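Breakdown of the fold
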Amino acid sequence: MEETIKWNPPRNILIAHGNLGEYTVSWEGQCTCTGSIKYQLEYTYLDSKDPEMMTYFVQKHQKRLDLELHRGLHTRVRLKNKEITSRWTERRFDMSGELFASVDNLICIFYGKLYMNCSWDVTEHASEGAQFILAYREQNPSDVYNCADYLVDGGRNIGCVNENIRIDDTIEIIICISETNMDAKLPYCRIVNPFNFFKLDSPINVMIDKSTDEVKWTLPKVDLPTHCYTFQLNCTNLNDGNTLLQNVTSTNHIISRDHTKKYSLHVRATVNDECFESHIWSDWSKPLVIDPDGRDMSFPTIVAVVAVILVALVLLLVLVCIKNRLTRVSS
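First, a word on what this report is: a plain description of the structure on this page. Since the structure is predicted, the reported quantities are computational estimates derived from the model, not experimental observations. (Residues numbered from 1 in each chain as written. Predicted model: local features only at pLDDT ≥ 70, side-chain atom pairs only at ≥ 80, totals over all residues. Heavy atoms only, no water.)

1. Notes on the layout of surface pockets
The test is simple: Grid points spaced at 1 Å and placed over the protein atoms alone form the basis of the search, with a cavity being a set where a 1.4 Å probe fits but cannot get out and a pocket an open set showing protein on both sides within 12 Å along at least five of seven lines. Lining residues have an atom within 4 Å of a point. Grid points are joined across faces, edges and corners, and a volume is the space filled by probe spheres set on the points. Three categories are distinguished: nonpolar for Ala, Val, Leu, Ile, Met, Phe, Trp, Tyr, Cys and Pro, charged for Asp, Glu, Lys and Arg, and polar for the others, with Gly belonging to the last.
In this structure, the largest pocket occupies an estimated 530 Å³ of space. If you go around the largest pocket, you meet 22 residues; those closest to its centre are Tyr-43, Tyr-45, Met-54, Asp-66 and Ile-191. Tallied by class, the residues present in the lining of the largest pocket amount to eight nonpolar, three polar and 11 charged. Approximately 220 Å³ is the volume found for the second largest pocket. Around the second largest pocket, the lining residues are Tyr-111, Gly-112, Phe-198, Lys-199, Leu-200, Asp-201, Leu-219, Lys-221, Asp-223, Leu-224 and Tyr-229. Its residues assigned to classes, the lining of the second largest pocket comprises six nonpolar, one polar and four charged.

2. With respect to the pattern of salt bridges
If the charged atoms of two oppositely charged side chains come close together, the side chains can form a pair. Applicable threshold: Salt-bridge detection follows one rule: a side-chain nitrogen of Lys or Arg within 4 Å of a carboxyl oxygen of Asp or Glu. Strands are runs of DSSP state E lasting at least 2 residues, helices are runs of H or I lasting at least 4, and numbering of each runs from the N terminus. Relative accessibility thresholds used throughout: buried, under 20% of the residue-type maximum; exposed, over 50%; partly exposed, between the two (1.4 Å probe, protein chains only).
Overall, the coordinates contain 12 salt bridges when judged by the stated rule. Salt-bridge contacts for Arg-257 lead to Asp-213; the nearest nitrogen and oxygen are separated by 2.8 Å. Here Asp-213 lies in the loop between β18 (204–209) and β19 (214–218) and Arg-257 lies in the loop between β22 (252–254) and β23 (263–271), a separation of 44 residues in the sequence. One salt bridge connects Asp-293 with Arg-257, and the closest N-O pair in it is separated by 3.2 Å. Placement of the pair is Asp-293 in the loop between β24 (288–290) and α2 (299–330) and Arg-257 in the loop between β22 and β23, with a sequence separation of 36 residues. Accessibility expressed as a relative area gives 11% for Asp-293, which makes it buried. Residue classification places Arg-257 among the buried positions, given a relative accessible area of 10%. Residues joined by salt bridges that share partners form a network here, namely Lys-210, Asp-213, Arg-257 and Asp-293.

3. Observations concerning the environment of Asn-247
Applicable threshold: By definition in these notes, contact holds between two residues if any of their heavy atoms fall within 4.5 Å. As used in this structure description, the phrase polar contact means that two N or O atoms lie within 3.5 Å; if the pair is within protein, one of them must be able to donate a hydrogen and the other to accept it, and residues adjacent in sequence are counted only when both atoms belong to side chains.
Tracing the sequence through the fold places Asn-247 in strand β21 (residues 243–248). For the pair Asn-247 and Ala-269, spaced 22 residues apart in sequence, the C-alpha separation works out to 9.4 Å. Among residues more than four places away in sequence, those in contact with Asn-247 are Thr-230, Phe-231, Gln-232 and Trp-281. A distance of 3.0 Å separates polar atoms of two side chains, one belonging to Asn-247 and the other to Gln-232.

4. Looking at the sheet that holds strand β5 (residues 62–66)
Let me state the cut-off plainly: Two strands qualify as a pair provided that DSSP identifies no fewer than 2 bridges between them. Here the axes come from fitting lines to C-alpha atoms, over the contacting stretch only for helices, and the angles between their N-to-C directions go from 0 to 180 degrees.
The strand order across the open sheet built from three strands is β1-β2-β5, with neighbouring strands paired in antiparallel fashion. Of all strands in the sheet, those with a lone pairing partner are β1 (11–17) and β5, marking the two edges. When the angles between neighbouring strand axes are averaged without regard to direction, this sheet yields 20 degrees. By the bridge criterion, five bridges tie strand β2 (residues 22–28) to β5 in an arrangement that is antiparallel. Across the sheet, the residue bridging to Glu-22 is Asp-66, located in β5.

5. With respect to a nonpolar patch on the surface
Quick reminder of the rule: Only residues whose relative accessible area exceeds 30% and that take part in no salt bridge are eligible for patches, with like-charged residues grouped when within 9 Å of each other and nonpolar side chains (Val, Leu, Ile, Met, Phe, Trp, Tyr) grouped when within 5 Å. To measure how exposed things are, a 1.4 Å probe is used in the Shrake-Rupley method; for residues, cover is taken only from the protein chains shown.
On the surface, Ile-302, Val-305, Val-306, Ile-309, Leu-310, Leu-313, Leu-316 and Val-320 cluster together to form a nonpolar patch covering roughly 670 Å² of accessible area. Topologically, Leu-310 is positioned in helix α2.

6. What to know about the side chain of Ser-278
Tracing the backbone shows Ser-278 in the loop between β23 and β24. Looking at Ser-278, the relative accessible area reads 7%, which means it is buried. For Ser-278, the side chain forms a polar contact with the main-chain oxygen of Phe-198, separated by 2.7 Å. Side-chain polar atoms of Ser-278 contact the backbone nitrogen of Ile-280, separated by 3.1 Å.

Right, dumping it as structure tokens:
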């Protein structure tokens, strides 16, 4: 058994395209694998910064995978039985961009749990009459959904809006752009976790208590526990242009400011890694303009001013009384 495994490594790794972003990685081998004898398949993308490779154990001579193949692929396969292994058989797939639909920078943002907005760039390799269509699916390759409404520029599709998707239990969505007049080209696909590209609505009702400098705001829709949100405050001194950015995890925060200066304050929000980490911030809130306290005096300032006025009036009354007494004495 040991000699059989060591001297019969797999060979001739191939990749074949299947349904919408699905590929079959296959190899040749003499093993009719049973029990603990399995093939160990590993891969990583050529542009990946993560040294870890995806690993699968199979007893067949192939494995179906959802891949972003335009990124290029480094694959390797070996035969394994507990502590006994064959040598690795490896292959790199350096994929030319011309093999795929002539697009790049496919970006999709998810709003709430029903709305997806995608956009892409058309590359210089696109032919004059090239047209592009978007389709997406979840794990089942046969459940494919087409774009509902395209964004068009110069007669060419450059974006897609879908309003009735559901991502409650979806970990990954495979989103692909195909070039309609080039059947020989492979689709350009991305594998996306919707929650990593989840965009919240902008915070509203931003206000400040100028006596304490506490700023408060609310989110228009709250679908998650409060500890799931991170907020960023952008406070700009309008007199000198200096800006301070601060991240907080509650819907209130006491800011530090010069009460003789004028400020503009915005707030935006995202979902943090306490629940699932989104890479997308909401848009900024409407600006809250904070005038110097001289225009809108705080309560302590008003009390101080009133006290000074009262003291001045008392002193003036005393002077008048003294003057009247002196006048009567002299007469």
